[in-house]
Amino acid sequence: MNAVPPSSEPHVMPTYGRLPVALSHGQGCWVWDTTGRRLLDGLGGIAVNTLGHNHPRLVPALQDQTAKLIHCSNYYQMPLQEQLAAKLCELSGLVNVFFCNSGLEANEAALKIARKFGHDRGNDSPEVLVFEGAFHGRSIATLSATANPKIHAGFGPLVPGFVRVPLNDIAAVEAAIAAHPNITAIFLETIQGEGGINPARIEFLQALRRVCDQHDLLLMLDEVQCGIGRTGRWFAHQWAGIQPDVMPLAKGLGSGVPIGAVICGPRAAGVMKAGNHGTTFGGNPLAMRAGIETLKIMEEDGLLANAEAVGATLRGALTAGLAGVAGVVEIRGQGLMLGIELDRPAGPLLAQCLEAGLLISVTAERVVRLLPALILTHDEAREIAARLVPLIKALLAQPKP
Ligand SMILES: *Cc1c(COP(=O)(O)O)cnc(C)c1O
């Protein structure tokens, strides 16, 4: 018996259930498939394509960099690393940066910093407080920090040293810290992405900051998905007026070129010393140039304000279109990071949206997730809603499975 279903890509390991479409090129928030069909991109490569596709200033900058220097070893000084690091510190108010290539790598580095921070204080088995609903990546350590049992399944034993409590429950946090004196860090997504667009409340974030100061813990905010302007601020925690000690970033920072970064504040910036951590590709000139140009264009074109304003239009159109529709549990999120929770599995919408010329995602089984490029226009936002709303209504009009 053949356990693997027939695939049009038999040599690609079947780790994803892929939709039957292949994209050939894109322009702004639109993409074309290999048959020439035009689709509206409401997903932005999962919050990666900050500037959309084929951006007229990003592409020439990358072409220029490719012709100069794509990669060089971290054995040498890299002015582009210093330039991007300085910009990230200016925007975050933090102190220094370690560059890597992805979200899980940024989170691995953060977890190493949390452990080393403990060891430096004489704590030989440091623990990290994590949350229900969390997603931090799929390496062995970051999947252990992740909450979803489906992501754990088949990959045990999990890495020890994680204590898990519910999100937005400060009493549970304080109880866990009292019960586990080895905790050295509190680690969470400012807005949970894969978990279903679940924001940490502003008062909760502020309380975590106080708890971390009081107990000498690191506050580590995973902004891999919600950072880089998506919510209308550079970083989602800035809405709460607090600063983390450690902030992993990735997805949108390179507008599609793989990049990760961990930004550290004063309490964490000195933890890693020469020889403690490293990466071959991390901080390469091509990725640095992508990050520098992304942030520059975001500033020049006012994309934070755009994310906030167009996000409000999108949310408004969804809210109006779905008003009074039974089965819509909640529309939530911030800026251009929005989730629509339904009372039933939303999976069927993936193929239906594709049919209607719209790319979306479904996460946490029942949540439709929108993460479009930050260059989205008001008209495009209304068009996303116009294509999506009738399909959600039709799904919800069927008997609940
Ligand atoms: C996507 C994501 C990650 C993992 O990033 P990869 O680049 O896929 O390794 C980690 N944390 C959060 C919050 C994410 O959304």
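None of the values given here were measured: they were computed from a predicted structure.

UniProt records the feature "binding site: pyridoxal 5'-phosphate" (unreviewed entry) at F135, D222, E223, V224, Q225 and T280, using the numbering of this structure. In three dimensions, the annotated residues from a span of 146 residues occupy distinct locations, with a maximal C-alpha spread of 25.2 Å. By secondary structure assignment, the location of D222 is in strand β10 (residues 218-222). Its relative accessible area of 3% is what places D222 among the buried residues. Here D222 is in contact with N107, F135, H136, F187, L188, E189, T190 and P248, once residues within four sequence places are set aside.

Here we come to the pairing of strand β5 (residues 127-131). A large share of β5 lies buried, amounting to five of its five residues. Neither face of β5 is left uncovered, since the one carrying E127, L129 and F131 and the one carrying V128 and V130 both have all their residues buried. Judged from the three bridges that link them, β5 and strand β7 (residues 183-189) form a sheet pairing that is parallel. Bridged to V128 within β7 is A185. Relative to strand β6 (residues 162-165), β5 is paired through four bridges, and the arrangement is parallel. Within β6, the position partnered with V130 by the bridge is R164.

Under the defined criterion, the tally for this structure stands at 23 salt bridges. For E90, the salt bridge is made with K87, and the minimal N-O distance between the two is 3.2 Å. Taken as a pair, E90 and K87 lie in helix α3 (residues 79-92) at a separation of three residues, close to a single helical turn. Here E90 falls in the exposed class, since its relative accessible area comes to 54%. Residues E383 and R387 are paired through a salt bridge, measuring 2.8 Å at the closest nitrogen-oxygen approach. Within this pair, E383 and its partner R387 are both found in helix α12 (residues 378-397), separated by four residues, close to a single helical turn. A residue is classified by how much of its surface remains accessible, and E383, at 30% relative accessible area, is partly exposed. What emerges from the salt-bridge pattern is a single network uniting R121, R209, D213, D216, D245 and R267.

With antiparallel pairing, four strands are arranged side by side in an open sheet as β13-β14-β17-β16. Edge positions in the open sheet fall to β13 (328-334) and β16 (361-363), since each of these has one partner strand only. With strand direction ignored, the average angle separating the axes of adjacent strands in the sheet is 25°. Strand direction decides the pairing type here: β16 and strand β17 (residues 367-370), joined by three bridges, are antiparallel. The residue of β17 that forms the bridge with T363 is V367.

Our focus in this paragraph is unusual backbone geometry. For residues besides glycine, phi is generally negative; the peptide bonds are generally trans as well. A cis amide bond, omega 0°, links G156 with the succeeding residue P157. Its place among the elements puts P157 in the loop between α6 (149-152) and β6. Of note in the backbone geometry, N54 takes a positive phi value of approximately 55° without being a glycine. Here N54 lies in the loop between α1 (44-47) and α2 (58-68). The phi angle at I228 is positive, at roughly 60°, despite the residue not being glycine. Mapped onto the elements, I228 comes out in the loop between β10 and β11 (246-249).

With that out of the way, let us pick up the domain arrangement of the chain. Many structure descriptions define interface size as the accessible area lost when the parts assemble. Split into domains, the chain comes out as domain 1 (6-54 + 302-397) and domain 2 (69-300). Between domain 1 and domain 2, the C-alpha centre-to-centre distance is 26 Å. On the side of domain 2, 29 residues touch domain 1, which itself brings 28 residues to the contact. Buried area between domain 1 and domain 2, both sides added, is near 2,300 Å², and the carbon and sulfur share of it is 59%.

Here is what the cut-offs are and how they apply
Residues numbered from 1 in each chain as written. Predicted model: local features only at pLDDT ≥ 70, side-chain atom pairs only at ≥ 80, totals over all residues. Heavy atoms only, no water. UniProt positions renumbered as here; feature names shortened; annotations may be inferred. Helix = DSSP H or I, 4+ residues; strand = E, 2+ residues; numbered from the N terminus. Buried < 20%, exposed > 50% of the residue type's maximum accessible area, 1.4 Å probe, protein only. Contact = heavy atoms within 4.5 Å. Pairing = 2+ DSSP bridges. Salt bridge = Lys/Arg side-chain N within 4 Å of Asp/Glu carboxyl O. Axes fitted to C-alpha atoms, helices over the stretch in contact; angles between N-to-C directions. Domains from an automatic or database assignment. Buried area = accessible area lost by both parts, 1.4 Å probe.

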